Every structure is written in C-alpha cells, then in structure tokens.
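A closer look at the structure
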Amino acid sequence: DLGAVDFVDATVGWRVGANGAIWRSTDAGLTWASQSSPTAFRLTSLAMVDASTGWAAGYSGAIVRTTNGGSAWTVQSSGTANHLDGLFAWDAIRAWAVGNLGTVIATTNGGAAWTTQAAGMTTAWLHGVTFTSSLNGWAVGDSGVLLRTTNGGATWTTQALAETHALRAIAF
C-alpha cells in the first residue's frame, strides 16, 4: 500500500507505505530495496532534502528521519497523535507536516523538536503543504481549505477559494 514517493534526482528515490514500509531505488525506480523502519504505523508522506537527509510521516503522528540515505531511520517525537498526511522539507533543519483536525507542526532544528503551529480556524483534515521560501507556505485540505503563511508558519490564515472538494496536494 503506497503512501508517497519522492526522488531527489533522476535515479535516487524513496517510497513509503503501510506498516511503516520504506523502500529505496537507485535506478530510477526499476528496482526497490526495502529499508529497515523503526515504526509500524502507516507512512503517508515523504520529504527528502537530498540523497542523505529526509523525513517520512504518517498515522498516529509518526515521524521518522534519516541522515544517511536510509541506512538508518530514527523515530522523532512529533508531539501529536493525529494522523499526518502531508510533509515538506525546506532543508535539513526546517520541515512542516500537516494532518487531520487542522494539524500543522514544524521543526527548525532537524526534528529534535516539533512544535504545533496555529492553523487559523480550521479543523479540516490537511493533506498537502509546500513552501516557496522558508517563510512563504501554503497548506490544503478537505472542503477546499487553503491556508497561507508568510512567517514560516507562526501564523496561518485561511484564503478564500471557490472549491468545496478535498484538495490533496499543492506544489509551486
């Protein structure tokens, strides 16, 4: 059961899924090798910074991180038990994750600590998050929810959008 895929270049990528499964490809996805995962929770999102560093997140607030290309993944404390469905990493120290009940969490220290960010007034399930700089970001979710931050997530505001369907992903 595939949760997400992320490639850092034309040949090296990862995929995550049910039961904490993590796989890596070094041949553009022709073959995949299983990597040892420290969680059994379903992983639904993946954000690799480069061929060494990245995060995966999923159900029950699960977050795992690698700094060695996936030779080892370590559990990080997300501070939430809510399901996480979207993940974006700006660099090796700054990342954001979003999920159900309007959950938005962020790290500015490589995941040593994840902190809750106020997601405006929404309790919608958030599915996707992206940033165009370390300050400017957007998150999307159920019922056409679109949130924006201009300060790295210290505050998020709802943007008007004439959409009532679930928005699953966002990218710039």
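Structure report, in brief.

Re the pairing of strand E15 (residues 146-149)
In the sheet, strand E14 (residues 137-141) pairs with E15 via four bridges, with the strands oriented antiparallel. Looking at E15, one finds that Trp-138 is bridged to Arg-148. Between E14 and the antiparallel strand that follows it, E15, lie four residues; Ser-143 among them carries a positive phi value of about 60 degrees. Pairing analysis gives two bridges linking E15 to strand E16 (residues 157-158), with the strands arranged antiparallel. Across the sheet, residue Arg-148 finds its bridge partner in E16, namely Thr-157.

Overview of the packing of aromatic side chains
All chains considered together, the criterion is met by six aromatic pairs. Ring geometry for Phe-131 against Trp-156: centres 6.0 Å apart, planes inclined by 85 degrees, an arrangement best described as edge-to-face. Linking Phe-131 in strand E13 (residues 126-131) with Trp-156 in the loop between E15 and E16, this pair joins segments that are 25 residues apart in sequence. The same class applies to Phe-131 as to Trp-156, namely buried. Aromatic ring contacts, followed pair by pair, group Phe-88, Trp-96, Phe-131 and Trp-156 into a single cluster. Geometry around Trp-23 places Arg-15 over its ring, the cationic atom sitting 4.4 Å from the centre.

With respect to the environment of Gln-159
With respect to the helices and strands, the residue Gln-159 is situated in the segment after E16. Residues Gln-159 and Arg-148 lie eleven residues apart in sequence; the distance between their C-alpha atoms is 6.8 Å. Residue contacts for Gln-159: discarding those within four places in its chain leaves Trp-138, Leu-146 and Arg-148.

Rules and cut-offs
Residues numbered from 1 in each chain as written. Predicted model: local features only at pLDDT ≥ 70, side-chain atom pairs only at ≥ 80, totals over all residues. Heavy atoms only, no water. Pairing = 2+ DSSP bridges. Helix = DSSP H or I, 4+ residues; strand = E, 2+ residues; numbered from the N terminus. Phe/Tyr/Trp six-rings, centres within 6.5 Å; stacked < 30°, edge-to-face > 60°. Buried < 20%, exposed > 50% of the residue type's maximum accessible area, 1.4 Å probe, protein only. Lys NZ or Arg CZ within 6 Å of the ring centre and 35° of its normal. Contact = heavy atoms within 4.5 Å.

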